[in-house]
Amino acid sequence: MTVLKRAIVTGRVSHAYLFEGPPGVGKRSAAVGLAMALNCDVAQAGNPDQACGTCESCRRIAGGLHPDVVTFAPDGTQILMEQAQEIVALGQRRPHEGRGRVVIVDDADRLNLSASNCLLKTLEEPSAGNHLILVTSAPDRLLATIRSRTQRVRFRSVLPALLLEIGVRRGLVASGVDVQVAAVVAGGCVSRFLELATNTEDHSIRDATAVLREAARGRGIAPILDAAAELGDKESKQRLPEALALLGRVYRDALVIAVGAPDLAVLAAADARAEGSATVGDRSLVPPWDLPVPGLGRALGAVLEAEAALAGNVNPVMAIEHLLLNLRREERVTG
Ligand SMILES: [Zn+2]
């Protein structure tokens, strides 16, 4: 987060931030990290943005025990007026002991109307040493008057390759095919990825891997299309976005292999490494395609279109049928 680092290094940490982005991409951790960097007892002069993580202040902040780092979350489904009043009261006083008080408002989109209005003045002008961080995955649900009083910091989905790196740091074997599949279907969310990659009870990952293996071992796209066709029928609507993410990744990987950039493939690289193969892409979870590059591109486009249709509340069965039609047409053109 270079924006935040720069703010700390230059001593211009805003008094009100809005950390926005999809769930599980590290917004809360960044808020706690900012609080640590502001209050660390031993942060080096050269690297004021690097909290040590081990001093008394850092440990108390990490443990949620520091009096100047306070988190508010919805009480039930809403953040209420009484909670907002507590925040206002904190914002009028200087920090107890730290250099900066950090008030984190988790799921800030749940602030109800009166609580939102109550916070406006504090967001605009808290007393010195106070920093409010509103955390949300639904920034559009906040009042415009709240948004305009905060500095927005956008957090993005984490790419599959980076998820794998994080997995390795957590002791997961990145070449494990299940782990690779988890990285693709986690939707860019670190916590979801770790949950999927470490939960051996989850059949969907193993099922998906089995389908891809079958496809890769000479049966081409048929097993994938069969599995996709079933998705439309069953009550598996919740799994549909994951299945489409995986399907999109299969075509994407096939494309990057076809244009000579196999290092960028996620699933292909996975299996090749798992099999101890020196060359990436010759043994992979990606089916042996006969499709030319434009055909692969059109197929990927069809998957993206289906994803967009689902996000726009199109009937899932229709979206899948339309997608299968497009994919089969590409197969026929070359087949
Ligand atoms: Zn420290």
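Preceding this section is the structure that the text describes.
Report follows, based on the coordinates.

Rules of the game
Residues numbered from 1 in each chain as written. Predicted model: local features only at pLDDT ≥ 70, side-chain atom pairs only at ≥ 80, totals over all residues. Heavy atoms only, no water. Helix = DSSP H or I, 4+ residues; strand = E, 2+ residues; numbered from the N terminus. Buried < 20%, exposed > 50% of the residue type's maximum accessible area, 1.4 Å probe, protein only. Areas by Shrake-Rupley, 256 points an atom, 1.4 Å probe, with all protein chains shown as cover. Phe/Tyr/Trp six-rings, centres within 6.5 Å; stacked < 30°, edge-to-face > 60°. Contact = heavy atoms within 4.5 Å. Pairing = 2+ DSSP bridges. Axes fitted to C-alpha atoms, helices over the stretch in contact; angles between N-to-C directions. Salt bridge = Lys/Arg side-chain N within 4 Å of Asp/Glu carboxyl O.

1. Description of the overall build of the chain
A count of helices and strands for the chain gives 15 helices and five strands. Residue burial in the chain is summarised as follows: out of 335 residues, 46% are buried. Accessible surface, the chain: about 16,900 Å² in total, of which carbon and sulfur atoms supply 51%.

2. Description of the packing of aromatic side chains
Applying the stated criterion across every chain yields a total of two aromatic pairs. Centre to centre, the rings of Tyr17 and Phe19 are 5.8 Å apart; their planes meet at 50 degrees, and the pair counts as tilted. One exposure class covers both Tyr17 and Phe19, and it is buried. A ring pair is formed by Phe19 and Phe155, whose centres lie 5.2 Å apart and whose planes are at 50 degrees; its orientation type is tilted. Placement of Phe19 in strand β1 (residues 16-20) and of Phe155 in the loop between β5 (151-154) and α7 (160-169) is noted, with a sequence separation of 136 residues between them. Phe155 matches Phe19 in its accessibility class, with the two residues each being buried. Cluster of aromatic residues (ring-pair linked, three or more members): Tyr17, Phe19 and Phe155.

3. Concerning unusual backbone geometry
In this structure, Asp107 takes a positive phi of about 50 degrees despite not being glycine. Structurally, the position occupied by Asp107 is in the loop between β3 (101-105) and α5 (113-124). The partly exposed category is assigned to Asp107, whose relative accessible area is 33%. At Asn313, a residue that is not glycine, the phi angle is positive and equals roughly 65 degrees.

4. Concerning the environment of Leu18
Inspection of the secondary structure assignment puts Leu18 in strand β1. Assessed through its relative accessible area of 0%, Leu18 is described here as buried. Between the C-alpha atom of Leu18 and that of Gln151, which follows or precedes it by 133 residues, the distance is 5.8 Å. Not counting chain neighbours up to four residues away, the residues in contact with Leu18 comprise Leu134, Thr136, Pro139, Leu142, Arg147, Thr150, Gln151, Arg152 and Val153.

5. A look at the sheet that holds strand β4 (residues 130-136)
Across the sheet, which stays open at both edges, the five strands sit in the order β2-β3-β4-β1-β5 with parallel pairing between neighbours. Taken across any chain shown, the strands that pair with only one partner, and hence form the sheet edges, are β2 (69-72) and β5. For this sheet, the mean angle separating the axes of adjacent strands, direction not counted, is 20 degrees. Two strands pair when backbone bridges link them, and β2 and β3 are joined in this way by four bridges, in the parallel orientation. The residue of β3 that forms the bridge with Thr71 is Ile104.

6. Considerations on the pattern of salt bridges
Across all of its chains, the model carries 12 salt bridges by this definition. Arg154 is the salt-bridge partner of Glu20, the closest N and O atoms lying 3.4 Å from each other. Of the two residues, Glu20 sits in strand β1 while Arg154 sits in strand β5, which places them 134 residues apart along the sequence. The exposure class assigned to Glu20 is buried, which follows from its relative accessible area of 8%. Judged by relative accessible area, Arg154 falls into the partly exposed class, the value being 49%.

7. A closer look at the environment of Ala30
Tracing the backbone shows Ala30 in helix α2 (residues 27-39). A sequence separation of 26 residues divides Ala30 from Leu4, and the C-alpha atoms of the two residues are 8.9 Å apart. In contact with Ala30, other than residues within four places in its own chain, are Phe19 and Phe155.

8. Description of the pairing of β1
Most of β1 sits out of view: five of its five residues are buried. The alternating pattern of β1 places Ala16, Leu18 and Glu20 on one face and Tyr17 and Phe19 on the opposite face, and all of these are buried. Here β1 runs beside β4; their pairing, made up of five bridges, is parallel. Looking at the pairing, Glu20 lines up with Thr136 of β4. Two elements, β1 and β5, share four bridges in a ladder whose sense is parallel. Each residue of the ladder has a partner; that of Glu20, found in β5, is Arg154.

Function cannot be inferred from these measures alone, as they are strictly geometric.
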